[in-house]
Amino acid sequence: MMHTHVWDETRGAMGFRGRFIGRCQCGASLDVTAERRSQAARKAAETRKRRDGEYVAEHGDLSGILGVGDLLTGSWGYDQTNAELWQVVARSGRTVTIRPVDGFVSNSGPSERVYPCKDQFAGDPVRKVVTRFGSVKLFKWGVYLHKWDGGAMRQTAPNWGH
């Protein structure tokens, strides 16, 4: 659900995505002009750009941090944790080609420790763009891979998740 709030002393607006479109949940007036909506959207975009610029100014552009042979890890899931293990196999500018790799599993029980196994590929290559923060967005819905720090990844063991 997406909320967009624009308030002044007499008017306010709340925008929703999905089944709440067109409904006001707070009883406030929805008398907001298109100009005010675009003004709020511009202000939000400027805030995002400023926040990203401050990060890059402090940490530098990290898009060049990944190289061929680097291992990438990430995790996702609700009520269970799934570990993603990938390896960079090619690089061209800010674009990397990555392939999933097998993992070495230690421990058993409801939670496992997983370590990526370099050069033990488990799938087809995929091309992705490296963000200025040095990460790779794996799925459209938001799993980011980061350079592996050498530690174990945790994942839910088989038959323990939903």
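Quick note: structure is the one above.
If you're wondering where the values come from, they're calculated on a predicted model, not measured in any experiment. (Residues numbered from 1 in each chain as written. Predicted model: local features only at pLDDT ≥ 70, side-chain atom pairs only at ≥ 80, totals over all residues. Heavy atoms only, no water.)

A.B. asks: How would you sum up the packing of aromatic side chains? Please name residues and give values.
C.D. replies: In the structure shown here, the tally under the stated rule is four aromatic pairs. Relative to Tyr 115, the ring of Phe 104 has its centre 6.5 Å away and its plane inclined at 35°; by these criteria the two rings are tilted. Here Phe 104 is found in strand 5 (residues 95-106), whereas its partner Tyr 115 is found in strand 6 (residues 111-121), with 11 residues between them in sequence. On the numbers, 5.0 Å between centres and 10° between planes, the contact of Phe 139 with Trp 141 is stacked. For Phe 139, a relative accessible area of 29% corresponds to the partly exposed category. Residue class for Trp 141 comes out exposed when judged on its relative accessible area of 55%. The rings of Trp 76, Phe 139 and Trp 141 are connected pair by pair, giving a single aromatic cluster. Just above the ring of Phe 121 sits the side chain of Arg 99; from NZ or CZ to the centre is 4.3 Å. (Phe/Tyr/Trp six-rings, centres within 6.5 Å; stacked < 30°, edge-to-face > 60°. Helix = DSSP H or I, 4+ residues; strand = E, 2+ residues; numbered from the N terminus. Buried < 20%, exposed > 50% of the residue type's maximum accessible area, 1.4 Å probe, protein only. Lys NZ or Arg CZ within 6 Å of the ring centre and 35° of its normal.)

A.B. asks: Describe the nonpolar core, and please don't skip the residues or the numbers.
C.D. replies: Leu 66, Leu 72, Trp 86, Val 88, Val 96, Ile 98, Val 130, Val 136, Leu 138, Val 143 and Leu 145 together form the largest nonpolar core, which totals 11 residues. Breaking this core down by element, the ones donating at least two residues are strand 4 (82-92), strand 5, strand 8 (136-139) and strand 9 (143-147). When near neighbours in sequence (up to four residues on either side) are disregarded, Leu 66 contacts Leu 72, Arg 91, Val 130, Gly 134, Val 136 and Lys 147. Among the nonpolar cores identified, the runner-up in size contains six residues, and Ala 83, Leu 85, Val 101 and Val 114 belong to it. (Core = buried A, V, L, I, M, F, W, Y, C linked by side-chain atoms within 4.5 Å. Contact = heavy atoms within 4.5 Å.)

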